[in-house]
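Overview (structure and organization)
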Amino acid sequence: MGKIVSFTNKKGGVGKTTTVINMAAYCADFGKKVLLIDLDSQGNATTGLGFSKSALKKSVYSVLIEGEKASQNILPTQVPLLDIMPANVDLTGAEVDIVYKRSREQILKNALAEIKDKYDYIFIDCPPSLGLLTVNAWVASDSVIIPLQSEYYAMEGVSQLMNTISLVKQHLNPKLLIEGVVITMYDGRAVVSRQIAAEIKKFFKNRLFEIIIPRNVRLSEAPSHGKPILLYDPKCVGARAYKALTEEFLSRQ
């Protein structure tokens with residue numbers, strides 16, 4: 001049975017989508033069957049894997065709002081063993097549309113029951129908010145990974161994020177765990193980066209992944225070419241970091 005992991009942070013621009021794309025790609029490269037679900041209306045995971053949002057008919061919106069089967073809205077990617085349930089332009093209105101649905105927090109969980117056994121891992125790229133789409137992801141998930149940027153405002157809002165996860169765990173999904181926290185966009189030359197990383201370590205302790213993701217130009221270039229770093233530049237420092245992070249993740253399972 002596949003493990004479902006949500007990648008989440010209420011702040012945007014923290015490397016969340018970069019992390020989910022590249023960990024999914026490396027999991028597949030290590031022989032795991034992986035599905036990436038793009039639940040963010042910006043659709044960056046979709047474009048980051050080479051798809052055009054405006055051209056797509058299949059999407060997670062069709063599953064959540066129109067009641068289509070999950071299996072009918074999955075596409076293969078250019079990485080063997082990695083599939084995607086993409087986002088298209090319709091997802092922008094999903095947060096409002098889902099309000100009127102029955103058992104609205106359980107829609108994604110119920111939809112994934114059909115396909116969960118077909119994958120080793122299902123990774124969900126959550127929107128940078130604590131709305132109903134994110135709650136749907138958490139209710140469907142076994143665990144959560146939180147990417148945190150090593151910059152001044154990184155810890156701002158983390159307590160609210162943790163409190164909301166606790167509420168979902170208490171009322172909607174008792175098995176939900178925090179898989180771990182990933183420090184991203186780390187610049188070892190900057191004193192503030194080192195200070196914030198130390199604060200994050202002090203706060204999260206053993207929940208923190210040991211591998212830290214550095215700032216890397218090649219990582220930021222890869223999405224504009226529609227490729228994970230594994231295909232764009234597998235020898236760069238960012239690729240080596242995400243490969244090592246994925247190995248650490250898999251070793252914990």
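Residues numbered from 1 in each chain as written. Predicted model: local features only at pLDDT ≥ 70, side-chain atom pairs only at ≥ 80, totals over all residues. Heavy atoms only, no water.

A separate point is helix α1 (residues 16-29). Helix length check: α1 (14 residues) gives 20 Å between terminal C-alpha atoms against 20 Å at 1.5 Å per residue, within 8%. A large share of α1 lies buried, amounting to 12 of its 14 residues. The first or second residue beyond α1 is Gly31, which carries a positive phi of 95°. (Helix = DSSP H or I, 4+ residues; strand = E, 2+ residues; numbered from the N terminus. Expected span 1.5 Å × (residues − 1). Buried < 20%, exposed > 50% of the residue type's maximum accessible area, 1.4 Å probe, protein only.)

Right, let's get into the state of the cysteines. Two cysteines, two sulfur atoms, one covalent bond between them: this is a disulfide. Enumeration over the complete set of coordinates arrives at zero disulfides. Looking at Cys126, it has no disulfide partner, and the nearest cysteine sulfur is the one in Cys27, 16 Å off. On the basis of relative accessibility, which here comes to 0%, the residue Cys126 falls in the buried class. (Disulfide = S-S within 2.5 Å.)

Bringing the sheet that holds strand β3 (residues 75-76) into the picture now. Spatially, β3-β4-β2-β5-β1-β6-β7 is the arrangement adopted by the seven strands of the open sheet, whose pairing is mixed. Because the sheet does not close on itself, it has two edges, and the strands there are β3 and β7 (177-184). Here helix α11 (residues 237-252) sits on the sheet in contact with β1 (3-7), β5 (121-125), β6 (143-149) and β7, set at roughly 165° to β7. (Pairing = 2+ DSSP bridges. Contact = heavy atoms within 4.5 Å. Axes fitted to C-alpha atoms, helices over the stretch in contact; angles between N-to-C directions.)

Burial runs high along β5: five of the five residues are buried. Residues Tyr121, Phe123 and Asp125 point to one face of β5 and Ile122 and Ile124 to the other, with burial holding for every one of them.

Attention shifts here to the environment of Gln106. Positionally, Gln106 belongs in the loop between α4 (94-97) and α5 (107-112). The sequence separation of Gln106 and Thr18 amounts to 88 residues, and the corresponding C-alpha distance is 27 Å. In contact with Gln106, other than residues within four places in its own chain, are Asn136, Val139 and Leu172.

What follows deals with the packing of α1 against α11. Axis separation between α1 and α11 bottoms out at 9 Å; the angle between their running directions is 70°. By the angle between their axes, α1 is roughly perpendicular relative to α11. Both α1 and α11 take part in a crossing whose hand is right-handed. Side by side, α1 and α11 meet where Thr18, Thr19, Asn22, Met23, Tyr26 and Cys27 of the first sit next to Ala239, Tyr242, Lys243, Leu245, Thr246, Phe249 and Leu250 of the second. (Parallel < 35°, antiparallel > 145°, perpendicular 65-115°, else oblique. Left-handed = near helix turned anticlockwise from the far one by under 90°.)

Moving on: the nonpolar core. Counting 50 residues, the largest nonpolar core has Met85 and Ile146 as the members making the most contacts within it. In terms of residue count, helix α6 (residues 132-140) provides more of this core than any other element does, seven residues in total. Look past the residues within four positions of Met85 in its chain and what remains in contact with it is Leu35, Leu36, Ile37, Asp38, Ser59, Val60, Val63, Ala70, Asn73, Ile74, Leu112 and Ile115. (Core = buried A, V, L, I, M, F, W, Y, C linked by side-chain atoms within 4.5 Å.)

Okay, the pattern of salt bridges next. A full pass over the atoms with the stated rule returns 13 salt bridges. Of the charged contacts in the structure, one is a salt bridge between Asp40 and Lys16, with a shortest N-O distance of 3.7 Å. Here Lys16 lies in helix α1 and Asp40 lies in the loop between β2 (34-38) and α2 (44-48), a separation of 24 residues in the sequence. In this pair, the class of Asp40 matches that of Lys16, namely buried. Among the salt bridges present, the one from Glu105 reaches Arg104, with a minimum N-O distance of 3.7 Å. The class for Arg104 is partly exposed, based on a relative accessible area of 31%. Beyond isolated ion pairs, a larger network of salt bridges with shared partners links Lys16, Asp40 and Asp125. (Salt bridge = Lys/Arg side-chain N within 4 Å of Asp/Glu carboxyl O.)

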